[in-house]
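Descriptive analysis of the structure
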Amino acid sequence: EWRDAVGFWTHESVSSPNDPRCHYNLGVAYAAKARSPDCPKRDVLLCYASAIKEYEKAASLQPNYELCYEGLGVIYGYLGAHDRAINYHKMAIALKENSNFYSNLAVEYIYKRMHDDAIKACRRSLFLDPWHINTYINIGTALREKHEYTKARRAWYHVMKLNGGNKSLAQKIMELKK
C-alpha cells in the first residue's frame, strides 16, 4: 500500500504522534530519499528539511534519543553547516559513546581543518571498535592533510587489509607515493 519508506513512516507517525521512534524513522527515510540518486535535485533540500523536522520532533519527545542528534549532525554536515554538525555529534556522544558517532565527528573536524581533533576522535572510535573501516579512512585523510604521508598510507593500507581491497583507496595511496 505504501510506495516507499517515507509513506510508511508518515502513516506511522500520524497514527502514533507521540512515538519518537516513528518520527526518528521518518527522519531516516527523508534523509535516505535526499541522498538517493532518484531524488530530483529540486527536492533534496526539502527532504533534508523534513528529516531535520522529524529528528527534532523525536528528540523533543525523547531528549535522550542519541540517534536523533547523530542524524542531525550527519544532515548538517551534508549541508555544509559543520559547526552545527559538530555540536550535534557531541550531543549524541554525550548520551552514548559509539564508534560511528566519533568517526562522523572526525569527518566534520576534517572539513574544518581541525586535524588534531579529527585524529583524536578517530582514536576514540578505534578504541571502541578497532574494525571500523571508515575511521581508518578518516584518520588517513586527517594525517594526509597534516602531511604525515607515511602514517596516512599505513592507515589506508589497514583498510585495504580489512576490506579486501578498495580501488578508490588504492588510488589515494598511489597519489601519496608521487
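In this report, we go over the structure that sits alongside the text. This one's a predicted model, so the numbers in the text were calculated from it and none came from an experiment.

**Some words on the overall build of the protein**
Helix and strand content of the protein: ten helices and zero strands. Shown N-terminal to C-terminal, the secondary structure of the protein runs as helices and strands in the order α-α-α-α-α-α-α-α-α-α. Summarising its shape, the C-alpha atoms of the protein cover approximately 55 × 35 × 25 Å along the three principal directions. In the protein, which comprises 178 residues, the proportion classed as buried is 43%.

**Observations regarding the nonpolar core**
Counting residues in hydrophobic clusters, the biggest one holds 43 residues, and the most contacted among them are Tyr 55 and Ile 75. Ignoring anything within four residues of it in the chain, the contact list for Tyr 55 reads His 23, Tyr 24, Gly 27, Val 28, Ala 31, Cys 68, Gly 71, Leu 72 and Ile 75. Listed in part, the five residues of the second largest apolar core include Leu 126, Tyr 136, Trp 156 and Val 159.

**Considerations on unusual backbone geometry**
The residue Arg 113 is not glycine, and still its phi comes out positive at about 60°. Secondary-structure assignment places Arg 113 in the loop between helix 6 (99-111) and helix 7 (115-128). Located in the positive-phi region is His 147, a residue other than glycine, with phi close to 65°. Secondary-structure assignment places His 147 in the loop between helix 8 (133-145) and helix 9 (149-163).

**With respect to the environment of Pro 63**
Topologically, Pro 63 is positioned in the loop between helix 3 (41-61) and helix 4 (66-78). When the C-alpha positions of Pro 63 and Leu 105 are compared, they lie 20 Å apart, and in sequence the two are 42 residues distant. Residues contacting Pro 63, with those up to four places away along its chain left out, are Tyr 69 and Leu 95.

Each value, and the rule that gives it
- Residues numbered from 1 in each chain as written.
- Predicted model: local features only at pLDDT ≥ 70, side-chain atom pairs only at ≥ 80, totals over all residues.
- Heavy atoms only, no water.
- Helix = DSSP H or I, 4+ residues; strand = E, 2+ residues; numbered from the N terminus.
- Buried < 20%, exposed > 50% of the residue type's maximum accessible area, 1.4 Å probe, protein only.
- Core = buried A, V, L, I, M, F, W, Y, C linked by side-chain atoms within 4.5 Å.
- Contact = heavy atoms within 4.5 Å.

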